[in-house]
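# Report on the structure
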Amino acid sequence: MGFEFRADDMCVTAGSTNCYKALMALSNESSAYEEISDTRYYVVISYGFSEDTYEFEKVSGSTINYILYPSGLITTLNKQ
């Protein structure tokens, strides 16, 4: 699984790439709740009948930890 962060979108790659801006546009009842700091990014994205939660912590300029919700399992990701 990989992630791409854009100025106004977040995309997830797991075989294929899905960007949340496009997914949210499909539903009139979509929303995103974000908490952003210099070292942490937390987002809950609701669209249609789905809700996805992501949390990332900065380790260095090229490394982040992806914290799987709700288990708390940590995966370290390096910038490509």
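Just so it is clear, the structure is predicted and the values come from calculations on it, not from any experiment.

For the protein, the count of helices and strands is one helix and eight strands. Listed by position from the N terminus, the elements making up the protein come as β-β-β-α-β-β-β-β-β. Radius of gyration (C-alpha) of the protein: 13 Å, near the 12 Å computed for a compact globule of 80 residues. Structurally, the protein occupies a C-alpha span of about 35 × 25 × 25 Å along its principal axes. Counting every position in the protein, which comprises 80 residues, the buried fraction comes to 32%.

For the structure on display, the rule yields 13 aromatic pairs. When the centroid spacing of 6.4 Å and the interplanar angle of 20° are considered together, the rings of Phe3 and Phe5 count as stacked. The class for Phe3 is buried, based on a relative accessible area of 18%. On the basis of an interplanar angle of 70° and a centroid distance of 5.8 Å, the ring pair of Tyr20 and Tyr54 is categorised as edge-to-face. Residue Tyr20 is found in helix H1 (residues 20-25), and its partner Tyr54 is found in strand E6 (residues 50-60); the two are separated by 34 residues along the sequence. Here Tyr20 and Tyr54 have matching classes, each one buried.

Now for the confidence of the model for the protein. Low-pLDDT stretches of the model should not have their predicted coordinates read in fine detail. Summing up the model confidence of the protein, the mean pLDDT is 95 and the portion of residues at 70 or higher is 100%. Within the protein, strand E7 (residues 63-67) carries the highest mean pLDDT (97), whereas strand E1 (residues 2-6) carries the lowest (93).

The residue Asn65 is located in strand E7 in this model. One polar contact links Asn65 to Thr76, side chain to side chain, over a distance of 2.9 Å.

Basis of the calculations
- Residues numbered from 1 in each chain as written.
- Predicted model: local features only at pLDDT ≥ 70, side-chain atom pairs only at ≥ 80, totals over all residues.
- Heavy atoms only, no water.
- Helix = DSSP H or I, 4+ residues; strand = E, 2+ residues; numbered from the N terminus.
- Rg over C-alpha atoms; globule rule 2.2 N^0.38 Å.
- Buried < 20%, exposed > 50% of the residue type's maximum accessible area, 1.4 Å probe, protein only.
- Phe/Tyr/Trp six-rings, centres within 6.5 Å; stacked < 30°, edge-to-face > 60°.
- pLDDT = per-residue confidence, 0-100.
- Polar contact = N/O pair within 3.5 Å; in protein donor to acceptor, adjacent residues only side chain to side chain.

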